[in-house]
Amino acid sequence: MKGKISLLLLLMRFILYIMDIISDIYVTVQYYQNGETWWCSITLIFVIVPHLIINTYTAHTNVGLFFLTPFQAFLLWIFQISILVSFKQEFNRWKKERKEDKVHDLQEMTTNMSLKMIHTFICLAEAFAESAPQWCLQN
């Protein structure tokens, strides 16, 4: 049961991440269509800059932990999909954890905990970096 809850939470984080990006784009388009170019440009800046920062951090992390070459990480960064690789790696870790009942190696257990913490940090930092400026602007 614990494994299914972990998968459900991972899927919910992924869906919320995608929905957050879609809603930000929708708000930006609405500002533009209403002729509010100032709000459109500020919202666009507060969507793009945090996204670039988080994807840069994720690309750097992917090189260190997931044995990607710097060139592969650079390509992921160019297309801004580094964070999607992080979700994929978290899913692969979940599948591996489900197959094995126990982790026998202390180093593997430590690596799994590090990956969980890094993925959680990336998700939280991305959500905060996008939401905080928008909350300040809308209030």
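Nothing here was measured: the structure is a model prediction, and the numbers come from that model. (Residues numbered from 1 in each chain as written. Predicted model: local features only at pLDDT ≥ 70, side-chain atom pairs only at ≥ 80, totals over all residues. Heavy atoms only, no water.)

Asks: Explain the overall build of the protein chain to me, using residue names and the numbers behind them.
Replies: Of regular secondary structure, the protein chain possesses 5 helices and 0 strands. Going from the N terminus to the C terminus, the protein chain shows its helices and strands as α-α-α-α-α. By residue count, 31% of the 139 residues in the protein chain fall in the buried class. Taking as baseline every contact in the protein chain between residues at least 6 positions apart, the subset at least 24 positions apart corresponds to 67%. Working note: accessible area of the protein chain is about 9,600 Å², and carbon and sulfur atoms make up 72% of it. (Helix = DSSP H or I, 4+ residues; strand = E, 2+ residues; numbered from the N terminus. Buried < 20%, exposed > 50% of the residue type's maximum accessible area, 1.4 Å probe, protein only. Contact = heavy atoms within 4.5 Å. Areas by Shrake-Rupley, 256 points an atom, 1.4 Å probe, with all protein chains shown as cover.)

Asks: Give me the lowdown on the UniProt feature "transmembrane region" (unreviewed entry) in the protein chain, citing residues and values where you can.
Replies: The residues that UniProt annotates with the feature "transmembrane region" (unreviewed entry) are residues 6-26, 38-57 and 63-87. Counting secondary structure, residues 38-57 comes out at 100% helix and 0% strand; the distance between its end C-alpha atoms is 29 Å. (UniProt positions renumbered as here; feature names shortened; annotations may be inferred.)

Asks: Mind laying out a nonpolar patch on the surface, listing which residues take part and the relevant values?
Replies: Where nonpolar side chains cluster on the molecular surface, the patch consists of Leu-11, Phe-14, Ile-15, Met-19, Ile-22, Phe-71, Phe-74, Leu-75, Ile-78, Phe-79, Ile-81 and Leu-84 and spans about 1,100 Å² of accessible area. Elements with a contribution of two residues or more to the nonpolar patch: helix H1 (2-33) and helix H3 (70-78). Ranked by residues supplied to the nonpolar patch, first place goes to H1 with 5 residues. (Patch = residues over 30% accessible without salt bridge, like charges linked within 9 Å, V, L, I, M, F, W, Y side chains within 5 Å. Salt bridge = Lys/Arg side-chain N within 4 Å of Asp/Glu carboxyl O.)

Asks: Account for the packing of aromatic side chains, with residues named and values stated.
Replies: This structure, assessed with the given rule, holds 1 aromatic pair. Residues Tyr-31 and Trp-39 carry aromatic rings whose centres are separated by 6.5 Å and whose planes lie at 35° to one another, so their mutual orientation is tilted. (Phe/Tyr/Trp six-rings, centres within 6.5 Å; stacked < 30°, edge-to-face > 60°.)

Asks: An account of the environment of Asn-55 is needed here, citing residue identities and associated values.
Replies: Mapped onto the elements of the fold, Asn-55 is located in helix H2 (residues 37-65). Given a relative accessible area of 0%, Asn-55 falls into the buried group. Separated by 27 residues in the primary sequence, Asn-55 and Ser-82 place their C-alpha atoms 5.4 Å from one another. Excluding anything up to four places from it in sequence, Asn-55 contacts Tyr-17, Trp-77, Gln-80, Ile-81, Ser-82 and Ile-83.

Asks: Tell me about the nonpolar core, residues and numbers included.
Replies: One recurring pattern in soluble globular proteins is that nonpolar side chains are buried together. The biggest cluster of nonpolar side chains holds 8 residues, and these are Leu-10, Tyr-17, Ile-54, Ile-83, Phe-87, Ile-122, Cys-123 and Ala-125. Of all the secondary-structure elements, those providing two or more residues to this core are H1, helix H4 (82-99) and helix H5 (106-138). Ranked by the residues each element gives to this core, the list is headed by H5, at 3 residues. (Core = buried A, V, L, I, M, F, W, Y, C linked by side-chain atoms within 4.5 Å.)

Asks: Tell me about the environment of Ile-25, and name the residues and values.
Replies: Note on placement: Ile-25 falls in helix H1. Sequence separation of Ile-25 and Cys-40 is 15 residues, and the distance between their C-alpha atoms is 9.8 Å.

Asks: Can you lay out H4 for me, pointing to particular residues and giving the numbers?
Replies: Each α-helix turn comprises 3.6 residues. Residues three or four places apart therefore point the same way. Compared with an ideal rise of 1.5 Å per residue, which puts 18 residues at 26 Å, H4 spans 26 Å between its outermost C-alpha atoms and is within 8% of the ideal. Every buried residue of H4 is accounted for by Ser-82, Ile-83, Val-85, Ser-86, Phe-87, Glu-90, Arg-93 and Trp-94. (Expected span 1.5 Å × (residues − 1).)

Asks: I'd like to hear about the confidence of the model for the protein chain, residue by residue, with values.
Replies: Per-residue confidence for the protein chain gives a mean pLDDT of 76, with 76% of residues at or over 70. The element-level mean pLDDT for the protein chain is lowest in H5, coming to 68, with H1 highest at 83. (pLDDT = per-residue confidence, 0-100.)

Asks: Give me the environment of Lys-88: which residues, what numbers.
Replies: Within the secondary structure, Lys-88 sits in helix H4. For the pair Lys-88 and Phe-14, spaced 74 residues apart in sequence, the C-alpha separation works out to 9.8 Å.

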